[in-house]
Amino acid sequence: MQNERLRAVMASGGWTHASLAGATGVDPKSVERWVNLGRTPRRATALKAAEALGEDIHALWPALRQARAARAVSPELVALYDQRADLPVSVFVGLLAAAHERIDVLVYAAVFLHEAYPRLNDLLRERAAEGCAVRIAVGDADSENVRQRGREEKFGHGIESRCRLALLHYRPLASVPGIELRTHGTALYNSLYRADDQVLVNAHVWGVNAYGAPVWHLRRHDPGGMFDTYADSFNAVWETARPVEA
């Protein structure tokens, strides 16, 4: 499978197989295999390439991230994290960058994505241009459920302002073909970051900010399993959400 993320970064920076090979000390054929065959270089070489390209190593090669494997009986549970703060943003970026058919994001704000990865909108535009259907639902800052979450987390009006900031970040995408943007006022039990048949689920715990709550990584295995439960949950919220005009 081709490494579309690496291809896009190289193209935007004017890099060729030969020039990147020169910067990393490998043969151009090796770079060609990274791009066209999806091969993963050795970590030391990958670090050199990522530094030359000005990109996060895990965004280019998610396989190099050393995640803690989950101990579970469910074949759908890939990994379990004690809290969202344990995940580098490259985990989220790598998941979204690998999507070919669908990206679904359900949050109240999650502004950490744009703050840590300013190219997020560009990535979503690229995915949409390749035929990926993108749906983003952010919290309605004026909803009572958002205000209640702020009180529960002792965040005050901060969460409302962050919802508005999230909408400001995403609003330029409202006019992009293939991307839909909505606001919702539901009681959010989990934030969801779906890419095709994988999803990162950030659980919400009463009184705990989302960055301190657990995250589980699911991969769809059987119809009607855990993955489908969360996919159906997203669809139910999406039906209640209000479209954002361009």
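Now for a look at the structure at hand. (Residues numbered from 1 in each chain as written. Predicted model: local features only at pLDDT ≥ 70, side-chain atom pairs only at ≥ 80, totals over all residues. Heavy atoms only, no water.)

Section: helix α11 (residues 226-240)
Along its 15 residues, α11 runs 22 Å from first to last C-alpha, staying within 8% of the 21 Å computed at 1.5 Å per residue. Elements that come into contact with the buried residues of α11 comprise β2 (102-106), β3 (133-139), β4 (179-184), β5 (190-195), β6 (198-203) and β7 (215-219). (Helix = DSSP H or I, 4+ residues; strand = E, 2+ residues; numbered from the N terminus. Expected span 1.5 Å × (residues − 1). Contact = heavy atoms within 4.5 Å.)

Here we look at the pattern of salt bridges
Inspection of every chain in the model, using the stated rule, returns 15 salt bridges. In this structure, Arg 119 and Glu 126 form a salt bridge, with 2.8 Å as the shortest nitrogen-oxygen distance. Here Arg 119 falls in the partly exposed class, since its relative accessible area comes to 27%. The exposure class of Glu 126 is partly exposed, given its relative accessible area of 26%. For Arg 220, the salt bridge identified is with Asp 228, shortest N-O distance 2.7 Å. By sharing partners, the salt bridges in this structure join Arg 5, Glu 55, Arg 119, Asp 122, Arg 125 and Glu 126 into a single network. (Salt bridge = Lys/Arg side-chain N within 4 Å of Asp/Glu carboxyl O. Buried < 20%, exposed > 50% of the residue type's maximum accessible area, 1.4 Å probe, protein only.)

What to know about the sheet that holds β4
The strand order β1-β7-β6-β5-β2-β3-β4-β8 describes an open sheet built from 8 strands, whose pairing is mixed. Of all strands in the sheet, those bounded by a partner on one side alone are β1 (77-81) and β8 (242-243). Of the pairings in the sheet, the one linking β6 to β7 comprises 5 bridges and is antiparallel in character. Bridge pairing links Asn 202 to Val 215 in β7. (Pairing = 2+ DSSP bridges.)

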